[in-house]
Amino acid sequence: MIRDVAFQGGQMLLVLLLSPLLTGFVRKVKARLLRRQGPPLLQPYRDLIRLMRKDVVLADNASWLFRVIPYFVFAATWISASLVPTFRSGLLFSWSADLIAIIAVLGSARFFLALAGLDVGTSFGGIGSSREVMIASLAEPAMLMIVFTLALIAGSTQLSTMSAFMNSSEVGLRVSLGLGLIALIVVAIAENARIPVDNPATHLELTMVHEAMVLEYSGRHLALIELSAALKLLVYFSLIACLFAPWGISSPTAEPKLLIVGVAAYMAKLAGGGVLLAVFETAIAKMRVFRLPGFLGAALMLALLAALLRFVSRSF
Amino acid sequence: MMAVYVLYGVAALFVLAPIAITLGGSPRGTGVVYGAGIVVTLTLGVIALRCLFNPLQTSTVTLPLGLPWLGAHFRIDALAAFFLVVVNFGGAAASLFALGYGRHEHSPQRILPFYPVYLAAMNLVVMADDAFSFLVSWEFMSLSSWALVIAHHRVSDNVRAGYIYLLMASFGTLALLLAFGLLAGADGNYAFDAMRASHPSAALAALVLILVLIGAGSKAGLVPLHAWLPLAHPAAPSHISALMSGVMTKVAVYGFIRIVFDLLGPPDWWWSMVVLAIGGITAVMGVLYALMQRDLKRVLAYSTIENIGIIFVALGLALAFKTEGLAWAAALAMTAGLFHVFNHSLFKSLLFFGAGSVLNATGTRDMEQLGGLIHRMPQTAFVFLAGCVAISALPPLNGFVSEWLTFQAILQSPQLPSWGLKLMVPAVGALLALSAALAAACFVRAFGFTFLGRPRTPIASGAQETDSNSLAAMYLLAAACLIAGILPGIFIDALAPVVQSLVGGRMPVQTGVEWLSIVPIAESRSSYNGLLVFVFMIASGAIAAFAIHRLASNKSRRSPAWGCGYPDPSVATQYTADSFAQPIRRVFGTVVFRAREIGEMPPPGSTAPARLTVLLRDVIWDFAYSPIATGVTLAADRLNYLQFLTIRSYLSLVFAALVLLLLVLAIWP
């Protein structure tokens, strides 16, 4: 029991501590690709600490909801991050929410963040919220279709079971898996407000979505929102890793030294994913907002096609 | 015995109507009618709960009313008991809310007499055990609610809404009447027992299914028969809107389940496909319409259509599994559908109460004139937010649990052998997922533009918090949403006898699962624990807040809003509900609503304002309703000629008709 609690707690701390590093790493690689020096790897931690120490400046008519939302968004994202298998599967509370529930918990974080954008009553917040829900209305169904595909392959929506199944030799190469992976990557890019959907590095551009929505936040509230964004990036990295690259995740019955392998493999997967994301973001340009429905619609159609293939035949 | 008690309660409600007439517009009347309403509906609700937990005791009563050779049969089985629970607890909540809300009513004598009749009629529909009592109660329900819809008859929109409602209701009842006629067969066995025993031929059963989809579906609001619903539901006073949306649509769902799952006999293979397709389309269309509305109560009415769509998808899945004999999967889908029936009755009532409180406080339902009410009405805002989270299917509240169960049922459908269903179910699943995501957008918009931001008009900035009775009703419903969300196992187990009687199987017992999780099939396949998710959210949010306040900073100060520069303080610079919906309108609306945006720029040098006009067309209205209305008018114009004939022409017409009928009789085999 104590061991189980320790593993669950360990994962919660690990994701919390690693997520700013992942963000810093992606930024660093992007900077190097652009032949810039880039900020140091630990810069996100410094930013977070500095923000937490500053006073919060609230807009005159901000309501109690505006002040509660950062904590709620952080809590919801953190829970999702601690339920996705990272270095070890079958954690103590892994059964308390399956993949559909994890997606929905992330959805409720977004719901409240969109409300926060509307609270102060500026047009920046409104435009951010409005675009965020438009993107979500296409990305969420695509995500659910991906979940359907994977759940039908693995015969479960429980992430630990799915990841174990994906690691076994029964999986093989499947068309639906390929389609699902492409769709999942598109959804992950959209959900995390990365290029070409949104640009996490800018504040002053009319095409921005996420940053416009949280423009009114400052101080510790902003720190929590930034930390949640970093955690969310980590959640999607972990999700893709545990479903499509489940190697090295130690099973609940494995001997302790395999845990070290699990942690090392997880770090390596994050680093690999970070490099790929940075290369992709550097190579592609930001899209106009009204090109996005086509981009996300393609993901939705791919995911639907994958699910249809799975429904029709077990061999795809 | 239980049925007799319930009938006493119904009689008490009927007695309340003349009392309400005598009390008329006196201020005591409101308290008496709604107070008695609470007492009676609560009693009925408790009786219904007892019936639900003693499922083996089916209780029947036959009264010497109605058709002389038939009598009026009433029966409470597990299904009826469940819907009695929904009707009566919904009625109790509405009565409690109306204790406060009804005091602001200008002409209570137009509402009070019909209100108890309406409640009684809904109880009777659910209990009826023969076609005659069912249809009479159904008509009582339609007519009393029609009277309540046109309570404020000086508003011309309400009169139009009432007219369309009356037309659609009679059309629906006609379809049900024909359906029952076909079920009763040539001998006219109108008792449900006789219908259960006899199985109609495949063609007749198919016809009955279509007629029930029209009859019950038009009352429930299935697309394309939904046109009356978003007009009539918002027109009524808000507690009636809550009953119509939260409860009466469920009575219609009951009618569908009773006939299709109970009376009609074994289902044919294609039935589920029809139900699934209609359900999926209804869900997406309903929420897309809701996103385009400015009127808060109309948003809620269209969202009811969406939720009815979700319920019918679950029922369609249950039908598909039942056809193929997969009882456990059918039980999963049926539980999901019935649980959503219960959940929707909770949060839709809550939301309509909230909208009613806003309407009372400000006098408007137009979101573009509201805003900032979270400062003026903090408690209403809080409970309305709870309702929004619940209806958007977000954990840890109850809406998510029933959607989650529906998704789990969809994941079982590759086991269906039929190819059509194999292709259809994932598409319907995608529609369901799309409607869930759009519902979240819709309720961000509904809450955000009503309660958040800055007040857009003086009426919004002068609003007052609503009264304590209304708040109590809303808090109770919000608490129920939370309990059903974090302890769904209890509710799933309570539904088991209902599901067992309908599809011949049940979900595994949930209350014994450790940590109070719900596990539809096996823990290795899927499980969800709302309680833990809720506790984790509260705990980690609280820990974060505590740690940051203790270790870092807890100071905050106020300053003007920062919109990358200090924005114009005019409230007109805020985002509006219409502009919020614009991206979604551009993505989906160009097809569904033929949305067009016309921008008019003034010539250079002119100081005239630029204009943007948005044109939306209701395609269903244009292509289904308008042609029918035009056709009827045209036919009436033509036939008008017949009213001005001479006596000789009339005599020859009568003679010709007689000869024709005799000829038909002679030729008829």
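Residues numbered from 1 in each chain as written. Chains lettered and ligands numbered in written order. Predicted model: local features only at pLDDT ≥ 70, side-chain atom pairs only at ≥ 80, totals over all residues. Heavy atoms only, no water.

1. Section: the overall build of chain B
Threshold: Helical segments are the DSSP runs of H or I of at least four residues, strand segments are the runs of E of at least two, and each set is numbered from the N terminus. Only the C-alpha atoms count toward the radius of gyration. The rule for a globule is 2.2 Å times the residue count to the power 0.38. Burial classes: relative accessible area under 20% of the type maximum marks a residue as buried, over 50% as exposed, and values in between as partly exposed (1.4 Å probe, protein chains only). Here, residues are in contact when the closest pair of their heavy atoms is within 4.5 Å. To be clear on the numbers: accessible area is Shrake-Rupley with a 1.4 Å probe, and residue cover counts the displayed protein chains and nothing else. In this charge count, Lys and Arg are treated as positive and Asp and Glu as negative; neither His nor the chain ends contribute. Throughout, a charge is located at the NZ atom of Lys, the CZ atom of Arg, the CG atom of Asp or the CD atom of Glu.
Helix and strand counts for chain B stand at 24 helices and five strands. On C-alpha atoms alone, chain B measures out to a radius of gyration of 26 Å, which is about the 26 Å that the 2.2 N^0.38 rule sets for 669 residues. C-alpha extents for chain B along the principal axes are approximately 95 × 70 × 60 Å. Within chain B, the proportion of its 669 residues that are buried is 58%. When contacts within chain B are restricted to residue pairs at least 6 apart in sequence, long-range pairs at least 24 apart make up 79% of them. A total accessible area of about 25600 Å² is found for chain B, and carbon and sulfur atoms account for 68% of it. Distance from the positive charge centre (36 side chains) to the negative charge centre (28 side chains) of chain B: 8 Å.

2. Topic: the overall build of chain A
Summing up its helical and strand segments, chain A has eleven helices and one strand in all. Ordered by position from N to C terminus, the α and β elements of chain A give α-α-β-α-α-α-α-α-α-α-α-α. For 316 residues, the compact-globule estimate of 2.2 N^0.38 gives 20 Å, and chain A sits close to it at 19 Å. With the principal axes as the frame, chain A shows a C-alpha extent of 60 × 45 × 45 Å. Expressed as a percentage of the 316 residues in chain A, the buried residues total 66%. A sequence separation of at least 24 residues applies to 81% of the contacts in chain A between residues at least 6 apart.

3. Considerations on helix H1 (residues 2-23) of chain B
Residue and element names in this part refer to chain B. Definition in use: For a helix, the expected span equals 1.5 Å multiplied by the number of residues minus one.
Given a rise of 1.5 Å per residue, 22 residues ought to cover 32 Å, and the 31 Å separating the end C-alpha atoms of H1 matches this to within 8%. If you check which residues of H1 are buried, you get Met2, Ala3, Val6, Leu7, Gly9, Val10, Leu13, Leu16, Ala17, Ala20 and Leu23. Those residues of H1 hidden inside the fold are in contact with helix H2 (27-53), strand E1 (59-63), strand E2 (72-76) and helix H4 (114-127). Just downstream of H1 lies Gly24, where phi reads positive at about 50°.

4. Considerations on the packing of helix H6 (residues 156-184) of chain B against helix H10 (residues 238-263) of chain B
Residues and elements named next belong to chain B. For the record, the criterion: All axes are obtained by fitting lines to C-alpha atoms, using only the stretch in contact for helices, and the reported angles, taken between N-to-C directions, cover 0 to 180 degrees. Any angle that is under 35 degrees is reported as roughly parallel, and any over 145 degrees as roughly antiparallel; angles of 65 to 115 degrees are reported as roughly perpendicular and all others as oblique. Working rule for handedness: look at the near helix, and if it is turned counterclockwise from the far one by less than a right angle, call the crossing left-handed; if clockwise, right-handed. Amino acids outside the nonpolar list (Ala, Val, Leu, Ile, Met, Phe, Trp, Tyr, Cys, Pro) and the charged list (Asp, Glu, Lys, Arg) are all regarded as polar, and Gly is one of them.
Running from N to C, H6 and H10 cross one another at 20°; their axes reach a closest spacing of 12 Å. By the angle between their axes, H6 is roughly parallel relative to H10. As H6 packs across H10, the resulting crossing turns out to be left-handed. Within the contact between the two elements, H6 uses Tyr165, Leu176, Phe180 and Leu183 and H10 uses Met244, Met248, Ile259 and Leu263. In terms of residue class, the contact of H6 with H10 is built from eight nonpolar, no polar and no charged.

5. Overview of the pattern of salt bridges
Under the convention used in this document: A carboxyl oxygen of Asp or Glu within 4 Å of a side-chain nitrogen of Lys or Arg is what we treat as a salt bridge.
Tallied over the full model, the rule gives 18 salt bridges over all chains. Two residues, Lys30(A) and Glu281(A), come together in a salt bridge whose shortest N-O distance is 3.1 Å. Of this pair, Lys30(A) sits in helix H1 (residues 2-33) while Glu281(A) sits in helix H10 (residues 257-283); the two residues are 251 residues apart in sequence, bridging distant segments of the chain. Like Lys30(A), the residue Glu281(A) is buried in the burial classification. Here the residues in one salt-bridge network are Arg75(B), Asp77(B), Asp129(B), Asp193(B), Arg196(B), Arg258(B) and Asp262(B), joined through shared partners.

6. Focus: the state of the cysteines
Chemically, a disulfide is nothing more than a covalent bond linking the sulfur atoms of two cysteines. As a reminder, the rule being used: The rule for a disulfide is simple: a pair of cysteine sulfur atoms within 2.5 Å.
Applying the stated criterion to the full structure yields zero disulfides over all chains. The thiol of Cys388(B) is not disulfide-bonded; the next cysteine sulfur, from Cys442(B), is found 8.6 Å away.

7. Quick word on the confidence of the model for chain B
Heads up, the condition is: The score called pLDDT rates the predictor's confidence residue by residue, from a low of 0 to a high of 100.
Per-residue pLDDT for chain B averages 92, and the proportion of residues at 70 or more is 100%. In the model output, the complex is listed with pTM 0.95 alongside ipTM 0.95.

8. Some points on the interface of chain B and chain A
Interface size is often expressed as the accessible area that is lost when the parts come together. Quick reminder of the rule: The quantity reported as buried area is the accessible area (1.4 Å probe) lost by two parts once they are put together, taken as the sum for both. Identification of polar contacts relies on pairs of N or O atoms within 3.5 Å, with a donor-acceptor requirement for protein atoms, meaning one able to donate a hydrogen and the other able to accept it, and with residues adjacent in sequence counted only if both atoms are side-chain atoms.
At the interface, 83 residues of chain B touch 77 residues of chain A. Roughly 7100 Å² of surface becomes buried between chain B and chain A when both sides are summed, with 73% attributable to carbon and sulfur atoms. Contact with chain A buries surface across chain B, with Leu411(B), Arg558(B) and Tyr575(B) losing the most and accounting together for 9% of the total. Here chain B is connected to chain A by zero salt bridges. At the junction of chain B and chain A, the tally comes to 31 residue pairs in polar contact (both at pLDDT 80 or more). Mapped onto the side of chain B that touches chain A, the elements with two or more residues apiece are helix H14 (373-376), helix H15 (378-391), helix H16 (398-411), helix H17 (419-451), helix H21 (530-552), strand E3 (556-559) and helix H22 (577-592) of chain B. Its residues assigned to classes, the side of chain B that touches chain A comprises 51 nonpolar, 24 polar and eight charged.

9. Brief notes about the environment of Val389(B)
Among the secondary structure elements, Val389(B) is positioned in helix H15. Here the alpha-carbon distance between Val389(B) and Val444(B), two residues 55 residues apart in the chain, equals 9.0 Å. Setting aside anything within four residues of it in sequence, one finds Val389(B) in contact with Phe111(A), Phe112(A), Leu394(B) and Leu397(B).

10. Overview of the side chain of Ser142(B)
As for its position among the elements, Ser142(B) is in helix H5 (residues 131-149). Beyond its immediate sequence surroundings of up to four residues, Ser142(B) is in contact with Tyr165(B), Ala169(B) and Lys219(B).

11. A closer look at unusual backbone geometry
Residue Pro196(A) is reached from Ile195(A) by a cis peptide bond, and omega for that bond is 10°. By secondary structure assignment, the location of Pro196(A) is in the loop between helix H7 (175-191) and helix H8 (210-213). Backbone torsion omega between Pro395(B) and Pro396(B) reads 10°, so that peptide bond is classified as cis. Residue placement: Pro396(B) occurs in the loop between H15 and H16. In this model, Arg35(A) sits at a positive phi of 65°, which is unusual for a non-glycine residue. Residue Arg35(A) is classed as exposed on the basis of its relative accessible area of 80%. Positive phi, close to 50°, is recorded for Arg594(B), a residue that is not glycine. Mapped onto the elements of the fold, Arg594(B) is located in the loop between H22 and strand E4 (596-600). According to the relative accessible area criterion, Arg594(B) is partly exposed, its value standing at 41%.

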